[in-house]
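Commentary on secondary and tertiary structure
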Amino acid sequence: MAGLTYDDLYQVSLSSLGSAAEDWKDMVDQLAKLATDAMDGMVRQSDAARWEGVNAGVTRPFIRTTATEFRDAHAQAKSIWSMLRDAHQDLTAVQKALKKAVDVDAKKHSIQVSGGAGSTVICQYVDRSGEKTKLKPEQVEYLKALEEQINHLLVQANEIDDSVSRALGRIHGGDSHDFGHAKYDTLDDAQRERTVQLAKKSLDLHKDGKELSNKELVEFQRLMQSNSKDAEFAVEFYREMGPRDALRFQAQLAVDASTGDDSTRLELAKSIQKDMGLTLATATDPPTGKDNPHTSFREDRTYLGRAWVNELKKVGTKPLDLGVHHAEPLGYQALASLLRNGNYDKSFLKPIAEDMVAYERKNAGWPTPDSYHGDLELALSLSDKKSPGWDPMTGLLEGLANSPDASTAFFNGSTGGGDSDLKKLGNLQFFTSEDDGRVWPSDKLSGTTHPDDESTLPSKQALGHALESATSGRPYGDDGPPRPHTTGQADVFEKVVQEFGSNPDLIKHDGNLAVIAPNLGNMSAEYMYDIQRNFSGEGGAEVYFKHAGAVAGLSDLNDNALKQFLRATAEDPKAYGAMANAQQAVTTEAIRVGVADPGAQSLSEVSQRATRPGGIVAGCIAEGRAEAIAAADDSVKKIAEYNKNVELGDKWIGRITDMAANHVPVAGDAASWITEDIREAVVKHYTKDEADAVAEIERNSENYLEEEAKETAEAAKRAFANAARQEGVSTAPGTPGFAVAGDVYSAAYASFRDGKSQNA
């Protein structure tokens, strides 16, 4: 069957399809009346008639059979109408989305859209003369996203077309003398039925060492992709499959595709795994936004409910019996590959995550095959070649990274205790403690030619992603502005600081969890108001570092834990770049607040109070940078990394200055100018000449830090001068403002030294 092309979908008028649906609705109504009349009229009269003899024995069954055919004709017409109705509605929606993408979004960016091979499009930028233009990286990214969006719409349209065609065939049944075959209330019902049919066929074929054809896999993939956000489809698919068969199907598909040599099949299996994960997230999302404890076993068309989840828990710790040599994963190992995709509700993901942790704690690990097949291995997860999925914690943590609410709840929770044989242990401690925590296994199979580097295990990287999500309230990788933090998010950050501040060697450049330092740097930048608030002392916190949302209780930590955390985290260049930019942005904003409204205090006093916390942070992270440079095999290269990340970390300046928090209102142009000035100050004062810095550190690291203190002080002085200028306060020599600028310099210099370990 030829697929719908871009031109087909863009140009076609759907009005005739809508008219056909309306005509069939009239037919349904007429047949409903006819069927009712036949049953209530002919059949009732026939049954009441006092017939006797051969004629009565023949006529009564004939009349009843005829009436039944009228009823079946009505049911068949209703199914046909349902298919045409939904096809018209769905295709109209897809066509509308397509025309918006082409006529609005593409034109706005001077993009030309044309039909490609089959059911695909080609998007390209053109200038006014129609010629192709050289693209910037962000243009390439947008072009790719737009092309993928339109191609996905074409996939949807083709699947609607194919599904209706298949459903109409089943409704008709191929017998012109008999009504009453397959019945569907909606197109979703027909699509779900076919999807389940293909999945179960795959399971049956696998018993005989066979597989679905690539054509069937394409059909399954398109059905799943088109309906991954449809709650009724998602729920009915997973309910009909059941947890065990759903996991067996996707695990068998992944293992077979990863060990074969068919690249097309591998890509199909990868796409199916992603879409099955998205579909599971849809199916387990409570329609009210929360799971009602009074209806904990509710099963309806838009929510699987806890009964299904309880069955999943039973399946999760049992072998799936795939029948593959050396590969018998447990249900949770297969589930983890699905969890990588989708934003899961915490009512589903948190208890599943804790059940997985409890299993690992009891059994000290997970089954792992002892053989591999070349570079492809036996993979349960197809999304990342570095992580074949035999360590399910990788998939679980990536799932938490995509599900902020669930991640926050999980890292504030624990396993063990109570009636359990396990000692109660916080979930965060399980992943971070060297005494009671997990032993991080390789995610590669034994015998592989490319074993994991223990320091950069995918599971450890996933932990960093999940912690960012838990503390920020945004999915990992979301570059949106910081949001007001909840108490739960702030609690997780406090626990993270306590854990690593008390055990800083874990995250230093050679530590067991050093790979998550960039994530900790982002978290520190996210909470820079809280960090500087903690260092502000009496009379400063509420005035200069007040912000929306919950406040992280960092003042309750053990002595020096926060400073130790900042120093250790800053040994990573990416982390340092984020923290340095955030520190300067928050310090600048705090100074602006003080200068704009000093209250009963002197201008000098408020400016120094606003300056000191940032100086302490700068001292901590500068010392961390110095230690990392001194320990590096190539110190020049390490400094170059720091310089690069100081520039890359400037996104935090915009994020912080845009926060609806502790801001003095400024006009749009002024706000832009302030942001740019902070950016220039950071680059000027925190970027180092490689050769000079190396020589200084090798000669005397204390002298290097002395220069760092002066640079920090200059940056603070510059921030004060700009804030004063905005308020009409002169800082020219001989003015009171000039003297205050000197006081700010001294305050930043002294507080920088307070941030160093020998003065902690």
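This text follows the structure it describes.
Residues numbered from 1 in each chain as written. Predicted model: local features only at pLDDT ≥ 70, side-chain atom pairs only at ≥ 80, totals over all residues. Heavy atoms only, no water.

**Some words on the packing of aromatic side chains**
What counts, and what does not: Here a pair means two rings of Phe, Tyr or Trp (six-membered ring of Trp) with centres within 6.5 Å. Their orientation is stacked below 30 degrees between planes, edge-to-face above 60, and tilted elsewhere. Each helix corresponds to a stretch of at least 4 residues labelled H or I by DSSP, and each strand to a stretch of at least 2 residues labelled E; elements are numbered beginning at the N terminus. Exposure is judged per residue with a 1.4 Å probe applied to protein chains only, and the accessible area is read against the type maximum: over 50% gives exposed, under 20% gives buried, and values in between give partly exposed.
Applying the stated criterion across every chain, the model contains 16 aromatic pairs. For the ring pair Y576 and Y642, a centre distance of 5.4 Å and an interplane angle of 85° mean the geometry is edge-to-face. With Y576 in helix α21 (residues 573-596) and Y642 in helix α23 (residues 635-648), this pair connects stretches of sequence that are 66 residues apart. Accessibility assignment for this pair places Y576 and Y642 in one class, buried.

**Comments concerning the pairing of strand β1 (residues 111-115)**
Strand residues, when the strand is regular, have side chains that alternate between the two faces of the sheet. The test is simple: Here the rule is simple: two strands pair whenever DSSP picks up at least two bridges between them.
Bridge analysis of β1 against strand β2 (residues 121-125) gives five bridges, and the strand direction is antiparallel. Its bridge partner lying in β2, V113 is registered against C123. Two successive antiparallel strands, β1 and β2, enclose a turn made up of five residues, where G118 displays a positive phi of approximately 60°.

**Quick look at the nonpolar core**
A general tendency of soluble globular proteins is for nonpolar side chains to be buried together. So the rule is basically this: By convention a nonpolar core is built from buried Ala, Val, Leu, Ile, Met, Phe, Trp, Tyr and Cys residues, the set being connected through side-chain atoms within 4.5 Å. Should any heavy atoms of two residues lie within 4.5 Å, those residues are counted as being in contact.
In this structure, Y238, F411, F431 and L566 are the most contacted members of the largest nonpolar core, which totals 158 residues. Among all residues touching F411, those that are not within four sequence positions of it are L397, N427, L428, F431, L463, A466, L467, A470, V492 and K495.

**Describing α23**
This is how it is decided: Multiply 1.5 Å by the residue count of a helix minus one, and that product is the helix's expected span. Definition of a polar contact: a pair of N or O atoms within 3.5 Å, with one able to donate and the other able to accept a hydrogen when the atoms are protein atoms, and with sequence-neighbouring residues admitted only if both atoms are side-chain atoms.
Compared with an ideal rise of 1.5 Å per residue, which puts 14 residues at 20 Å, α23 spans 20 Å between its outermost C-alpha atoms and is within 8% of the ideal. Measuring from the side-chain oxygen of the N-cap residue of α23 to the backbone nitrogen of V636 gives 3.3 Å; that N-cap residue is D634.

**Regarding helix α5 (residues 187-207)**
Between its first and last C-alpha atoms α5 spans 31 Å; for 21 residues at 1.5 Å apiece the expected length is 30 Å, and the two agree. G209 sits one or two positions beyond α5 and adopts a positive phi of about 75°.

**Remarks on the pattern of salt bridges**
Counted only if it meets this: Just to be clear on terms, a salt bridge is a Lys or Arg side-chain nitrogen sitting within 4 Å of an Asp or Glu carboxyl oxygen.
Under the definition given, this model contains 35 salt bridges. One salt bridge connects R222 with D162, and the closest N-O pair in it is separated by 2.8 Å. You can see R222 sitting in helix α6 (residues 214-227) and its partner D162 sitting in helix α4 (residues 137-172), a full 60 residues away along the chain. Relative accessible area serves as the criterion here: at 18%, R222 is assigned to the buried category. Bridged by salt links that share partners, the residues E702, E706, R753 and K756 form one connected network.

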